[in-house]
Amino acid sequence: MQKPMNRIVFFENVELRYETSAVLKNISLQIEAGEHCVILGANGSGKSTLIKLINCELYPSYKDETFKREILGNERWVVSELRKHLGVVTNDLHTRFALDGGYLSGFETVLSGFNGTLGLFDHLEVTQEQIEAAEGALKRLGIEHLRDKRLCEMSTGELRKCIVARALVHPVKAILLDEPTVGLDIKAQLDFIEMMRSLARSGTTVILVTHHIEEVFEEIKTAVLIKEGTIYAAGEKEAVLSSANLSEIFNTPLDVQKLQGRYSIHPVR
Ligand SMILES: Nc1ncnc2c1ncn2[C@@H]1O[C@H](COP(=O)(O)OP(=O)(O)OP(=O)(O)O)[C@@H](O)[C@H]1O
């Protein structure tokens, strides 16, 4: 039986190894529903690996008596079932659609979210309900104009929004966004931030991995800093996103400033 999904992530002492080396160690992390959260860390620190663990693309390598891993209240998930509650947007997914799905329309891309496929297949039935949900997801993101446009004719930002809409065909409780603004120009990036804010305000828990502190929007209250595969700090963003903490995780002297709710980061010379 499924437990209530009020806790999106509950990890205690989770470890993940690629071959012999531990990439994530002693990861203890709780993210509650509605607790929009940013994950920051240097290149190679383990952010994407953490997202893959939450998303059940990867599984912990080692378990001792202190180990705990629950996602949306459950220790085990059938992945196709989890996708109905947890949306995922990664650059890998974007690249797969850009490279192999150019012939798909925006609508077909979104609709393919029901079966987690790259495109639609004759043997997979499409119901009227699914069609309406896909139309609804396009509307929710304000991209109805991309409905019939082919992916190969879309800009990076347009395609990215279709991938987000695809992740939202189910009424998901939370969405994981791994560096979602890579490749977007300034306007597309600002639009994307507004879209994330509107998702957050509508009740979808947003878990954002980014390299850009200025993307930490107002609704995000929690920050998690990853350093060399461990959680260096986690908690309220005001406390966690300090100059000292960011200088430490990026291994360079940095000055963090906050002006009118927006963070910015500057090198200390
Ligand atoms: N499939 C893999 N096999 C072996 N090692 C891997 C694999 N994928 C990632 N790694 C290693 O795991 C570590 C963490 O990688 P991860 O992609 O999680 O980092 P990240 O913080 O997301 O980095 P970035 O900011 O550069 O995207 C890195 O040292 C990386 O080389």
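Throughout what follows, the structure given in this document is the object of discussion. Please read these numbers as outputs of a predicted model, since none were measured by experiment.

Quick look at the packing of helix H6 (residues 156-167) against helix H7 (residues 186-201) now. Across the interface, H6 lies against H7 with an axial gap of 11 Å and an inter-helix angle of 15°. Comparing the axis directions of H6 and H7 gives the class roughly parallel. For the pair H6 and H7, the crossing hand works out as right-handed. On the side of H6, the interface is formed by Arg 160, Lys 161 and Val 164, while H7 contributes Asp 191, Phe 192, Met 195 and Leu 199. Class assignment for the residues of the contact of H6 with H7 results in four nonpolar, no polar and three charged.

Attention now moves to the environment of Trp 77. Within the secondary structure, Trp 77 is located in the loop between strand S4 (68-71) and helix H2 (79-82). Here the alpha-carbon distance between Trp 77 and Lys 139, two residues 62 residues apart in the chain, equals 30 Å. One polar contact links the side chain of Trp 77 to the main-chain carbonyl oxygen of Ile 71, over a distance of 2.6 Å.

Reported here for the largest pocket is a volume of approximately 580 Å³. Taken together, 27 residues line the largest pocket, and the ones lying closest to its centre are Asn 55, Arg 83, Val 88, Leu 93 and Arg 166. Every element with two or more residues in the lining of the largest pocket is listed here: helix H1 (47-54), H2, strand S5 (86-89), helix H3 (91-100) and H6. Sorting elements by how many residues they give to the lining of the largest pocket places H3 first, with four residues. The residue makeup of the lining of the largest pocket, split by class, is eight nonpolar, 11 polar and eight charged. There is about 260 Å³ of room inside the second largest pocket. A per-class count over the lining of the second largest pocket returns five nonpolar, no polar and six charged.

What counts, and at which threshold
Residues numbered from 1 in each chain as written. Predicted model: local features only at pLDDT ≥ 70, side-chain atom pairs only at ≥ 80, totals over all residues. Heavy atoms only, no water. Axes fitted to C-alpha atoms, helices over the stretch in contact; angles between N-to-C directions. Helix = DSSP H or I, 4+ residues; strand = E, 2+ residues; numbered from the N terminus. Parallel < 35°, antiparallel > 145°, perpendicular 65-115°, else oblique. Left-handed = near helix turned anticlockwise from the far one by under 90°. Contact = heavy atoms within 4.5 Å. Nonpolar A, V, L, I, M, F, W, Y, C, P; charged D, E, K, R; others polar. Polar contact = N/O pair within 3.5 Å; in protein donor to acceptor, adjacent residues only side chain to side chain. 1 Å grid on protein atoms, 1.4 Å probe; cavity = no way out; pocket = protein on both sides within 12 Å on 5 of 7 lines; lining within 4 Å. Points joined across faces, edges and corners; volume = space filled by probe spheres on them.

Geometry only, nothing functional implied.
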